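Structure at a glance
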Amino acid sequence: MYNNKAVAQWVDEMAKLTKPDNIVWVDGSEEEKERLTEQALATGELIELNQEKLPGCYLHRTDVSDVARVEDRTFICTRNKDDAGPTNNWMDPAATYEKLSKLFDGSMKGRTMYVIPYIMGPVGSPFSKVGVELTDSIYVVLNMRIMTRMGKVAMDQLGDSSEFVKGLHSKGTLDPNERYICHFPEDNTIWSINSGYGGNVLLSKKCFALRIASFMGRQQGWMAEHMMIVGIEDPEGHVDYIAGAFPSACGKTNLAMLVPPEVFKKKGYKVWTVGDDIAWLRVGPDGRLWAVNPEAGFFGVAPGTNYKSNPNAMETVKKNTIFTNVVLTPEGTVWWEGMGEPPKSGIDWKGNPWTPESGEKGAHPNSRFTAPASQCPSISPEWENPQGVPLTAIIFGGRRARVAPLVYQSFDWNHGVYVGATMASETTAAAIGQVGVVRRDPMAMLPFCGYNMADYFAYWLEMGKRIPNPPKIFNVNWFRTDSEGNFIWPGFGENLRALLWIIDRCKGQGKAIETPIGYVPEEGAIDLEGLDISQDVMKELLNIDKDVWADEVNSQSEFLEKFGDRLPQEIRRQNEALKKRFGF
Ligand code: GTP
Ligand code: SPV
Ligand code: MN
């Protein structure tokens, strides 16, 4: 149906391997969506929700062993092992193609192969990139429809070019012991088998837009980052854009959609959502760093989302949304922990009868919604600007119960890179494995950097030299806890207060004190009007405990050792300088 030779040839080759009964070239039309939805409803792959209350919404349940990304089964397959680096799993490309070919051999027998051409980035933007995903999952097709600009529009953009990222996915047998998410950045290729879960199978997202794109970006002079992008409009109508990298399930979606506290709303502040998970960054002609959201939808964490914490997300998921692994209520609506009043009974994420009294979670902690970004009430008028938006600040952050203060500013770009390179966070349910364990997650890219992390640090330092007017770099932590483990900072909409201090600092205003870790807000510098929080609690939130930091700095040094000689000298120098400022 399309006549791009390179795509046709590759599809042919992959079909010979996977042996589907049929091949369907996806066009992205409304008619096609209806047809595929009907088919998925017939097989039970999708469950229809109450179409009066949730028009165009469906529920999907994954296999119980297939509920999150699998980092231990994710591989970067570069010819040279060192190019993948010490933080990535590595396999030899030739050996991996051979090994996985055996798993893919006939994996689509009795199934249909869908060919999904898609664009990452706004249609027609010179910075957008085309990918093609082959999959035997209708769930993947319908999600890709929401998450990317796909179908005919993508083939039109590709024209007769052979420059596209090749993604091959098969649900296979869903055997977790044979599950592989493999990246071949030197071939612009992704092979994923035996999973049906989000980040493992929507190959546009983590696989292409972060792992492959980070590798590409380094060769082409741009950056692919695990960042949300938000615009803060002041009462005069000026908008500052901030990009923020927090690890998975650490608050990007919520920050990108924040609703200003009442007092700030009254003053005329507005918040605009540009992106909630991924940012592609380039230096603009004005010497600033510009950010594009390459995605078209949100694949957001459901638990904890409610009308108080994130009303914009609640409004976004009212129609045309696919819910994955949440509770089905008797009236055909959805529920998850932290949404509000639970239903008296329902069907849990595993498909079993469930009541709130059971003591079991009804929704999986990593249950998600897939919703079109265009439906978000706070979506920025600039979100599809082909040039992107210029960044005033970059923020790093994570879940730290004690170490990091609410907000602080790095001394300069290189120090900011060090802050990002050494950031750590408690693990979450977004990946299979233990939850709540502190681990280093540089720039929130630990699971997503497509090459050697030491080279990635070097590239960040290099970019600093190439950006004449760089954004200032900050660190935030919404997750400090008291002795009982409760969050001290109210978070969510109130986070705007920290963002406004950040913007003030970027304008050369905003009062701060210099500490060994950077500039911390002076007492009273964060506007607390209308918030019931004592100065004592604020002091606690901004406190830098020297004993805690002694351990922290040791742990940072230890982490950096991993990279050996490949670690940029400047990162080592920053580490020494930090110790010196503390007097360690
Ligand atoms: P990924 O999609 O996995 O990359 O996650 P994300 O970074 O977009 O995280 P998200 O905004 O979905 O938040 C994850 C969880 O953290 C949700 O349960 C939120 O309710 C919770 N959360 C987000 N922001 C805050 C905050 O400011 N304070 C507190 N206490 N919790 C928050
Ligand atoms: C994340 O884990 O950071 C996500 C969800 O955004 S997934 O697409 O599954 O990676
Ligand atoms: Mn993410």
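Per-chain numbering applies: the sequence of each chain, read as written, is numbered from 1 onward. Labels follow written order: the first chain is A, the first ligand is 1, and so on. With pLDDT at 70 or above as the cut-off, local features in this predicted model cover only qualifying residues; side-chain atom pairs require 80 or more to be listed or tallied, and sums for whole chains, interfaces and linings still use all residues. In computing side-chain properties, one takes all heavy atoms of the structure into account and sets aside hydrogens as well as water.

- The protein goes by Phosphoenolpyruvate carboxykinase [GTP] in an unreviewed UniProt entry, where it is assigned to Mahella australiensis.
- Heading Subcellular location (unreviewed entry) of the UniProt record for the protein holds this comment: "Cytoplasm".
- UniProt positions are given in the numbering used here, feature names are shortened, and annotations may be inferred rather than shown by experiment. The protein has a UniProt comment under Catalytic activity (unreviewed entry) that states "oxaloacetate + GTP = phosphoenolpyruvate + GDP + CO2".

**Some thoughts on the site of ligand 1**
- For this description, a residue counts as near a given molecule or strand if any of its non-hydrogen atoms is within 4 Å of it. By nearness alone, 22 residues border ligand 1, and Ala249, Lys252, Thr253, Asn254 and Arg368 come closest of all.
- Pairing of N or O atoms within 3.5 Å defines a polar contact, subject to two protein rules: one partner must be a possible hydrogen donor and the other a possible acceptor, and residues neighboring in sequence count only if both atoms are side-chain atoms. Measuring from an oxygen atom of ligand 1, one finds a backbone N or O atom of cysteine 250 at 3.3 Å.
- Within the side chain of arginine 368, one N or O atom sits 2.8 Å away from an oxygen atom of ligand 1.
- One can see that ligand 1 is located within the largest pocket.
- In DSSP terms, a helix is any run of H or I states spanning at least four residues, a strand is any run of E spanning at least two, and both are numbered starting from the N terminus. Where the shell around ligand 1 is concerned, the elements lending two or more residues are α9 (252–256) and β18 (297–301).
- Here the shell around ligand 1 takes 3 residues from α9, the largest share from any one element. Think of a 1 Å grid over the protein atoms and nothing else: a 1.4 Å probe that fits but is trapped marks a cavity, an open set flanked by protein within 12 Å on at least five of seven lines marks a pocket, and residues with an atom within 4 Å of a point count as lining. Whether a molecule lies in a cavity or pocket depends on its atoms, and more than half of them have to be within 2 Å of the grid points.

**Observations regarding the UniProt feature "binding site: Mn(2+)" (unreviewed entry) in the protein**
- The positions that UniProt labels "binding site: Mn(2+)" (unreviewed entry) are, in the present scheme, Lys206, His226 and Asp277. Annotated residues spanning 72 residues; largest pairwise C-alpha distance 9.5 Å, indicating a single compact cluster. Annotated residues from the preceding list that form part of the lining of the largest pocket: these are Lys206, His226 and Asp277.
- Any two residues whose heavy atoms approach within 4.5 Å are treated as being in contact. With residues up to four places along the chain from it excluded, the contact list for histidine 226 reads Lys206, Leu210, Gly244, Ala245, Phe246, Pro247, Ser248, Lys252, Asp277, Ala444, Met445 and Phe448.
- Separated by 3.3 Å, the side chains of histidine 226 and lysine 252 make a polar contact.
- By the secondary structure assignment, aspartate 277 is in the loop between β15 (270–275) and β16 (279–283).
- Accessibility expressed as a relative area gives 8% for aspartate 277, which makes it buried.
- For aspartate 277, the side chain forms a polar contact with the side chain of lysine 205, separated by 2.9 Å. Here's how the labels work: a residue is buried when its accessible area is under 20% of the maximum for its type, exposed when over 50%, partly exposed in between, all with a 1.4 Å probe on protein chains only.

**Focus: the sheet that holds strand β19 (residues 322–324)**
- We treat two strands as partners when DSSP finds at least two bridges between them. Here we have 5 strands laid out as an open sheet, ordered β2-β3-β19-β24-β18, and mixed in their pairing. Whereas interior strands pair on both sides, the edge strands pair on one side only; in this sheet they are β2 (47–48) and β18.
- One ladder, built from 2 bridges, connects β2 with strand β3 (residues 58–60); its direction is antiparallel. Note that in β3 the partner of isoleucine 47 across the bridge is leucine 59.

**Remarks on the environment of tyrosine 139**
- Checked against the element boundaries, tyrosine 139 lands in helix α5 (residues 138–147).
- Owing to a relative accessible area of 2%, tyrosine 139 belongs among the buried residues under this scheme.
- Taking the C-alpha atoms as reference points, tyrosine 139 and leucine 168, separated by 29 residues in sequence, lie 15 Å from one another.
- Excluding its chain neighbours within four sequence positions, the residues that come into contact with tyrosine 139 are Glu45, His60, Gly196, Phe299, Ile322 and Thr324.

**Regarding the pattern of salt bridges**
- Definition used for salt bridges: Asp or Glu carboxyl oxygen within 4 Å of a side-chain nitrogen of Lys or Arg. The final tally for this structure, using the stated rule, is 32 salt bridges.
- The residue lysine 53 makes a salt bridge to glutamate 331 at a minimum N-O spacing of 2.6 Å. Of the two residues, lysine 53 sits in the loop between β2 and β3 while glutamate 331 sits in the loop between β20 (327–328) and β21 (334–335), which places them 278 residues apart along the sequence.
- Where glutamate 71 meets arginine 69, a salt bridge forms, and the shortest distance between an N and an O atom there is 2.9 Å.
- The class for glutamate 71 is partly exposed, based on a relative accessible area of 21%.
- Within this structure, Lys205, Lys206, Lys252, Asp277 and Glu295 form a network of salt bridges that share partners.

**Some points on the confidence of the model for the protein**
- Per-residue confidence from the predictor is reported as pLDDT, a score between 0 and 100. Confidence in the prediction for the protein averages 97 pLDDT; 100% of positions are at 70 or higher.
- Per-element mean pLDDT across the protein ranges from 95 in helix α15 (residues 535–542) up to 99 in strand β13 (residues 228–233).

**Observations concerning the domain arrangement of the protein**
- Here the limits of each domain have been adopted from an automatic or database domain assignment. Structurally, the protein comprises domain 1 (5–43 + 70–221), domain 2 (225–296 + 382–582) and domain 3 (297–375).
- Put simply, the middle of domain 2 and the middle of domain 3, counted by C-alpha atoms, are 28 Å apart.
- Across the contact, 14 residues belong to domain 2 and 14 residues belong to domain 3.
- Where domain 2 abuts domain 3, roughly 1,100 Å² becomes buried across the two surfaces, and 60% of that area is made up of carbon and sulfur atoms.
- Buried area: the sum, over both parts, of the accessible surface (1.4 Å probe) that disappears when the two are put together. If you sort the residues of domain 2 by the area they bury against domain 3, Met257, Ala296 and Ala429 come out on top, with a joint share of 38%.
- Summed over the shared surface of domain 2 and domain 3, the result is 2 residue pairs in polar contact (both at pLDDT 80 or more).
- Considered class by class, the residues forming the side of domain 2 that touches domain 3 number 9 nonpolar, 3 polar and 2 charged. For this classification, the nonpolar set comprises Ala, Val, Leu, Ile, Met, Phe, Trp, Tyr, Cys and Pro, the charged set comprises Asp, Glu, Lys and Arg, and every other residue, Gly included, is treated as polar.

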